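# Notes for the structure review
Chain by chain, the residues:
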Amino acid sequence: MSDTRVLPPFPPERDPYGHEAVTDAPAPTTTAPPRTRRRGLAATVLATALVAGGAAGVGGAAAWDAWQEDGPTTFDSAGTETAQVVDTGDEPAADGSVEAVASKVLPSVVRIVVQGSEGEGSGSGIILSSDGQILTNAHVVDGAGEGAEMTVSFDDGTHAPATVVGSDPLTDTAVIQAEGVEGLTPATIGTSGNVDVGQEVVAIGSPFGLDSTVTSGIVSALDRPVNVGSDAAGNATVYPAIQTDAAINPGNSGGALVDMDGNVVGINSSIRTSGSSTGGSGGSIGLGFAIPIDEVLPIIDQIVAGETPTHALIGVSVSDAASDDGGATVPNGAAVGEVTEGSAAAEAGLEPGDVITAVDGRLVTSSDALIATVRSYRPGDEVELTFQRDGEEQTTTVTLGSDAESGTS
């Protein structure tokens, strides 16, 4: 079994590796035959010994002590070639490389530490303005409870306190304000609608509290419906995610998913974990999810303007619809339950029992897929719904409503 879940804020004081301390063991006492020393290998052997020490724990440390005592050795046969130490130089990063992307984006991504009555943890954020407006996930800033204190750590090692400007649990987005800062480097916002499956991307954030961590991968899928919970009123937090195999871990939440030009195309928010993971602490298994930036820009604008965020809705209750194909249950749409009187769905003629299978040609295979797809639009947008009624496929045009009036999604 497996779970899709938001990335929990990572406890900032926890050892990110979970390792016990390892002390150097004394070098074993041995009697060795005379050996020919060759100083040209000193740097190479030193590097090798350090790697061995890190990888082999106590045994590696003991081996390093022995090398220090006896020095490097080589075969003494004539004509033996030894490794050479060279200066490879430090060439400028090539355009479109991970190195170039990291150089551009790292100054625009921060670590956020939250401490409150309900606990403490850390996440990541994306700088929106030079005076300290920062985009992150709602679950990063809301998890520690009311009155929590926040600190933002910047790429140059400086810190600043921060306050919440506003948050929107339904899209899992929030904006915070770092205090007393100026001259920050805002991120460049890209267009998630231009992202393609197979495209290379880079994830930047602070997984497990490790600031300024860069990982890379590809876009594995688009419009993946991801459900990470619901609010007190029962409204689900579902979004049409960008799926990526770039390593995303707890603490990456709120960080940037960027294209190879360094433009932000998504907000890293959740991961799929194996069934053996508990408490949401599982690490990356190559299934990470980011909120497409196009879907939340209007929400960000509303938060910054001091407004209550609004979301599109059609005014129906839905459940998963499935068909029995030779004994196998196959999901095939979102089954309409109740239709709210006066809603967009009612005006478009939808009825209980209809099965919605597409929105503007985008396939809908489940209730979560319908919610995620509708959330990608704005109130007042006109969409074409494809649905099944009594075994016949039909279409209807719907002008999406707003939860500003209904208080629901």
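Keep in mind that what you see is a predicted model, and the values were worked out from it rather than measured. (Residues numbered from 1 in each chain as written. Predicted model: local features only at pLDDT ≥ 70, side-chain atom pairs only at ≥ 80, totals over all residues. Heavy atoms only, no water.)

## Overview of the overall build of the chain
- Helices and strands together make up the secondary structure of the chain, namely eight helices and 22 strands.
- Burial status across the chain gives 43% buried among its 409 residues.
- Taken as a whole, the chain presents about 20,200 Å² of accessible surface, with 49% of it coming from carbon and sulfur. (Helix = DSSP H or I, 4+ residues; strand = E, 2+ residues; numbered from the N terminus. Buried < 20%, exposed > 50% of the residue type's maximum accessible area, 1.4 Å probe, protein only. Areas by Shrake-Rupley, 256 points an atom, 1.4 Å probe, with all protein chains shown as cover.)

## Topic: the side chain of Thr171
- One can find Thr171 in the loop between β6 (159-168) and β7 (173-178).
- Note on Thr171: relative accessible area 9%, which makes it buried.
- There is a polar contact of 2.5 Å between the side chain of Thr171 and the side chain of Asp168.
- There is a polar contact of 2.8 Å between the side chain of Thr171 and the side chain of Thr173. (Polar contact = N/O pair within 3.5 Å; in protein donor to acceptor, adjacent residues only side chain to side chain.)

## Structural notes on the environment of Gly143
- Its location among the elements puts Gly143 in the loop between α4 (138-142) and β5 (149-153).
- Owing to a relative accessible area of 42%, Gly143 belongs among the partly exposed residues under this scheme.
- Sequence separation of Gly143 and Gln115 is 28 residues, and the distance between their C-alpha atoms is 9.4 Å.

## Describing the pattern of salt bridges
- Considering all chains together, one arrives at four salt bridges under this definition.
- Where Asp211 meets Arg111, a salt bridge forms, and the shortest distance between an N and an O atom there is 3.5 Å. Of this pair, Asp211 sits in the loop between β9 (200-205) and β10 (213-230) while Arg111 is found in strand β2 (residues 109-116), placing the two residues 100 residues apart along the sequence.
- What makes Arg111 buried here is its relative accessible area of 13%.
- Put simply, Asp223 and Arg362 hold a salt bridge, and the shortest N to O gap is 3.2 Å. (Salt bridge = Lys/Arg side-chain N within 4 Å of Asp/Glu carboxyl O.)

## Some thoughts on the nonpolar core
- Core analysis: the largest hydrophobic core is formed by 26 residues, its most contacted members being Ile126, Val258, Val264 and Ile267.
- Put simply, the parts of the chain that give this core at least two residues each are α3 (98-105), β9, β11 (236-244), β12 (256-258), β13 (263-274), β14 (288-292) and α5 (293-304).
- A total of five residues in this core trace back to one element, the largest contributor, which is α5.
- Built from parts of two domains, this core gets at least three residues from each of domain 1 (103-178) and domain 2 (199-273 + 283-305). (Core = buried A, V, L, I, M, F, W, Y, C linked by side-chain atoms within 4.5 Å. Domains from an automatic or database assignment.)

## With respect to α5
- Compared with an ideal rise of 1.5 Å per residue, which puts 12 residues at 16 Å, α5 spans 16 Å between its outermost C-alpha atoms and is within 8% of the ideal.
- All of the buried residues along α5 are Ile293, Val296, Ile299, Ile300, Gln302 and Ile303.
- Those residues of α5 that are buried are in contact with β4 (133-136), β6, β7, β8 (188-189), β13 and β14. (Expected span 1.5 Å × (residues − 1). Contact = heavy atoms within 4.5 Å.)

## A short note on empty space enclosed by the protein
- Scanning the entire structure with this criterion turns up one cavity of 30 Å³ or more.
- The computed volume of the largest cavity comes to approximately 60 Å³.
- The wall of the largest cavity is formed by Leu170, Thr171, Val238, Tyr239, Pro240, Ile291, Glu295, Val296, Arg375 and Ser376.
- Ranked by residue count, the leading element in the lining of the largest cavity is β11, at three residues. (1 Å grid on protein atoms, 1.4 Å probe; cavity = no way out; pocket = protein on both sides within 12 Å on 5 of 7 lines; lining within 4 Å. Points joined across faces, edges and corners; volume = space filled by probe spheres on them.)

## Some details on the sheet that holds β4
- The six strands are arranged β2-β3-β4-β7-β6-β5 in a closed barrel whose pairing can be described as antiparallel. Ignoring which end each strand starts from, the neighbouring axes of this sheet average 40° apart.
- Each of β4, β6 and β7 touches α5; the most contacted strand, β7, lies at about 50° to it. (Pairing = 2+ DSSP bridges. Axes fitted to C-alpha atoms, helices over the stretch in contact; angles between N-to-C directions.)

## Notes on the pairing of β6
- Of the strand pairs in this sheet, β5 and β6 are connected by four bridges, and their pairing is antiparallel. Bridging from a neighbouring strand, Met150 pairs with Ala162 of β6.
- Connecting β5 to the antiparallel partner β6 that follows it, the hairpin turn spans five residues, and Gly157 within it adopts a positive phi of roughly 95°.

## A word on the environment of Gly337
- You can see Gly337 is positioned in strand β17 (residues 328-339).
- Judged by its relative accessible area of 32%, Gly337 falls in the partly exposed class.
- The spacing of Gly337 and Gly353 is 16 residues in sequence and 6.3 Å in space, taken between C-alpha atoms.
- Discounting residues that sit within four places of it in the chain, Gly337 has contacts with Ser317 and Pro352.

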